[in-house]
Amino acid sequence: MALASVVIAGGGMAGFTAAKSLRAKGFAGKLTIVDPEGIPYDRPPLSKDYLLGHRDAEQIQLIDAGWFADQDIEVIESKVVDLDPEAPAVTLADGTVLHADKVVLATGGTARRLPIPGGQLPTVLELRTKQDADHLRQVLQPGIRLAIIGAGLIGAEVASSALSFGASVTLIDPVDPPLVPAVGEVLARRLHQMHVANGVKLVTGIPTEISVDASGQHAITLADGSSILADVVLVGIGIVADTALAAASGLDTDNGILVDESQRTSHPNVYAIGDTARTRLSDGTLLRRAEHWEHAMNTGETVAAALLEAQLPTHGASWFWSDRHGVHVEGVGSMLGDGTLVTRELDGIPVAAFRVTDEGLLAGCAAIDGGLLVRAARRIIDKNKPVNVEQLADPTIDLKKLAR
Ligand SMILES: Cc1cc2nc3c(=O)[nH]c(=O)nc-3n(C[C@H](O)[C@H](O)[C@H](O)COP(=O)(O)OP(=O)(O)OC[C@H]3O[C@@H](n4cnc5c(N)ncnc54)[C@H](O)[C@@H]3O)c2cc1C
């Protein structure tokens, strides 16, 4: 029977892309997005341009609000509170039941809270939604002491943005340097040192407790007994995939809603995409769950093809970017694993890093202000082209030529 209706729970990058791709592929049936946040918007600017006030709420919408009416896509500002995979149907917060031929779960995740005393305090902030960014912007004032726990992508970006507000920033992470799995040791160290060069205080330590006194001053106690005082505390330690709906309705979950390569969950009527989904290969291997913008977009495209029983698109090696202290960081593939790590330097400064497998294939690449290089590296990875370690390290070699 031809597909006549689809309900998408969650209108982030993944849910929005699924709807857009369904229409682009000619799906003319009933299409509904349910999201308590309403019209889909982009999250990466929340720690960058939006936080800084360089773009407003309208400018970070994924598309003009009018587009949804033009495309006959209904956006319902509500939360899905129950899922019945058999029907299939979803129940909204006000009790409305929506039936559809297929349901797509694109519910993303929530910011991970610190499992320590004080980690749940309402004054300990997180950054996942526009509302979180608005609140953070309000409290960032000149001279304010901001402590950020977690120096990964979001923590580092907020540290950089907060300096523009005149905040005094302390960045706490148990690892020195953080981000090695994403960009390799050498670039991770250069990026971490940039914080110091720009006036951020770095602390390596494990927080064990957060407390707040009557005046609103927070104290973060570290495992070595030291403590850091701050007016504002932000935790940026990743997300917890939103699996509650799926788990409650009996779908397989394991740090994500488990899906096959067509984004189908363990129930044939339900699909999952974006940050909330985790791929389980046919041999049972669980892939690492991705928490990146492009992955959300790619899985949105894949689910549209799967629902329409069209050929699944192929996507290249996974890619991410991040911006801090005026530099642009990109990474592709995986820098984590065996093989040889190669660094490319320019005037003695590391600008790119590569991981080459023992078979001589490029497995991962990261670069600072090297978007074109990363794009070329991605082509090399996708084509499985053997690489030469000396050429990768040589800044005079144009990677584009190696990718041909
Ligand atoms: C501050 C910040 C900066 C980032 N910067 C970068 C970056 O520089 N580069 C990069 O690659 N990635 C970045 N990311 C990650 C990227 O934004 C995410 O990977 C991407 O947004 C995931 O999209 P998604 O649609 O899967 O989930 P989300 O964007 O989280 O969307 C999920 C949606 O589901 C809705 N929802 C949840 N529960 C329900 C429910 N029960 N019913 C209905 N709707 C529900 C939520 O309201 C939300 O709108 C950043 C993320 C953040 C928060």
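Nothing here was measured: the structure is a model prediction, and the numbers come from that model.

1. Some details on the UniProt feature "domain: Reductase C-terminal" (unreviewed entry) in the chain
So, step 1. Per the UniProt record, the feature "domain: Reductase C-terminal" (unreviewed entry) sits at residues 319-403.
So, step 2. Between the end C-alpha atoms of residues 319-403 there is a gap of 17 Å, over a span that is 27% helix and 41% strand.

2. Quick word on the sheet that holds strand E24 (residues 349-356)
So, step 1. If you walk across this open sheet you meet the five strands as E21-E22-E25-E24-E23, and the pairing is antiparallel. The sheet terminates laterally at strand E21 (319-324) and strand E23 (340-346), the two strands that pair on one side only. The sheet shows a mean angle of 15° between the axes of neighbouring strands, taken without regard to direction.
So, step 2. Across seven bridges, E23 lies against E24 in antiparallel orientation. Residue pairing across strands places Thr-343 opposite Ala-353, the latter belonging to E24.

3. Quick look at the environment of Gln-217
So, step 1. Turning to its location among the elements, Gln-217 is positioned in the loop between strand E13 (207-212) and strand E14 (218-222).
So, step 2. Residue Gln-217 is classed as partly exposed on the basis of its relative accessible area, which comes to 25%.
So, step 3. Apart from the residues lying within four places of it in its own chain, the contact partners of Gln-217 are Arg-145, Ser-211, Val-212, Leu-229 and Ala-230.
So, step 4. Polar side-chain contacts of Gln-217 include one of 2.8 Å to the side chain of Arg-145.

4. As for the site of the ligand
So, step 1. Taken together, 33 residues lie around the ligand, and Asp-35, Arg-43, Lys-48, Arg-128 and Asp-275 are the ones closest in.
So, step 2. Contact distances for the ligand include 2.9 Å between a nitrogen atom and a backbone N or O atom of Val-80.
So, step 3. One of the backbone nitrogen or oxygen atoms of Ala-106 is found 3.4 Å away from an oxygen atom of the ligand.
So, step 4. Considering the ligand on its own, with 1,000 Å² of exposed area, one finds that the protein chains cover 94% of that surface.
So, step 5. Listed by contribution, the elements that provide at least two residues to the shell around the ligand are helix H1 (13-24), helix H5 (153-163), helix H9 (293-307) and E21.

5. Topic: helix H4 (residues 130-139)
So, step 1. Listed as buried for H4 are Asp-132, Ala-133 and Leu-136. End-on, the buried residues of H4 take up no more than an arc of 95°, which puts them together on one face. The exposed residues of H4 that point more than 90 degrees off its buried face are Gln-131 and Gln-138.
So, step 2. Tucked into the core, H4 has its buried residues touching helix H2 (49-52), strand E9 (124-125), H5 and strand E16 (232-235).

6. Things to note about the sheet that holds E13
So, step 1. If you walk across this open sheet you meet the three strands as E13-E14-E15, and the pairing is antiparallel. The two strands at the open ends of the sheet, each matched to only one other strand, are E13 and strand E15 (227-230). Between one strand axis and the next, the sheet turns through 20° on average, direction left out of account.

7. Re the pattern of salt bridges
So, step 1. Within this structure, the stated rule accounts for 13 salt bridges.
So, step 2. The salt bridge partner of Lys-30 is Glu-74, with a shortest N-O separation of 3.5 Å. Residue Lys-30 is located in strand E2 (residues 30-34), and its partner Glu-74 is located in strand E3 (residues 73-76); the two are separated by 44 residues in the primary sequence.
So, step 3. With a relative accessible area of 49%, Lys-30 lands in the partly exposed category.
So, step 4. For Arg-289, the salt bridge is made with Glu-291, and the minimal N-O distance between the two is 3.0 Å.
So, step 5. On the basis of relative accessibility, which here comes to 10%, the residue Arg-289 falls in the buried class.
So, step 6. Taken together, the shared-partner salt bridges in this structure form one network comprising Asp-176, Glu-185 and Arg-189.

8. Side note on empty space enclosed by the protein
So, step 1. A complete count under the given rule lists two cavities of 30 Å³ or more for this structure.
So, step 2. The computed volume of the largest cavity comes to approximately 40 Å³.
So, step 3. At three residues, the largest contribution of residues to the lining of the largest cavity is made by helix H7 (residues 185-197).
So, step 4. Each residue belonging to the lining of the largest cavity can be placed in one class, and the counts come to five nonpolar, one polar and one charged.
So, step 5. The space that makes up the second largest cavity amounts to roughly 30 Å³.
So, step 6. Looking at the lining of the second largest cavity, its residues break down into three nonpolar, three polar and three charged.

9. A closer look at the layout of surface pockets
So, step 1. Taken as a whole, the second largest pocket encloses approximately 280 Å³ of empty space.
So, step 2. If you go around the second largest pocket, you meet 16 residues; those closest to its centre are Arg-344, Val-351, Asp-369, Gly-370 and Leu-373.
So, step 3. Those elements that place two or more of their residues in the lining of the second largest pocket are E23, E24, strand E25 (362-368), helix H10 (371-383) and helix H12 (399-403).
So, step 4. In terms of residue count, the dominant contributor to the lining of the second largest pocket is H10 (three residues).
So, step 5. Across the lining of the second largest pocket, the residue classes break down as 11 nonpolar, one polar and four charged.

Reading the values: the criteria
- Residues numbered from 1 in each chain as written.
- Predicted model: local features only at pLDDT ≥ 70, side-chain atom pairs only at ≥ 80, totals over all residues.
- Heavy atoms only, no water.
- UniProt positions renumbered as here; feature names shortened; annotations may be inferred.
- Helix = DSSP H or I, 4+ residues; strand = E, 2+ residues; numbered from the N terminus.
- Pairing = 2+ DSSP bridges.
- Axes fitted to C-alpha atoms, helices over the stretch in contact; angles between N-to-C directions.
- Buried < 20%, exposed > 50% of the residue type's maximum accessible area, 1.4 Å probe, protein only.
- Contact = heavy atoms within 4.5 Å.
- Polar contact = N/O pair within 3.5 Å; in protein donor to acceptor, adjacent residues only side chain to side chain.
- Near = heavy atom within 4 Å.
- Areas by Shrake-Rupley, 256 points an atom, 1.4 Å probe, with all protein chains shown as cover.
- Arc of directions from axis to C-beta.
- Salt bridge = Lys/Arg side-chain N within 4 Å of Asp/Glu carboxyl O.
- 1 Å grid on protein atoms, 1.4 Å probe; cavity = no way out; pocket = protein on both sides within 12 Å on 5 of 7 lines; lining within 4 Å.
- Points joined across faces, edges and corners; volume = space filled by probe spheres on them.
- Nonpolar A, V, L, I, M, F, W, Y, C, P; charged D, E, K, R; others polar.

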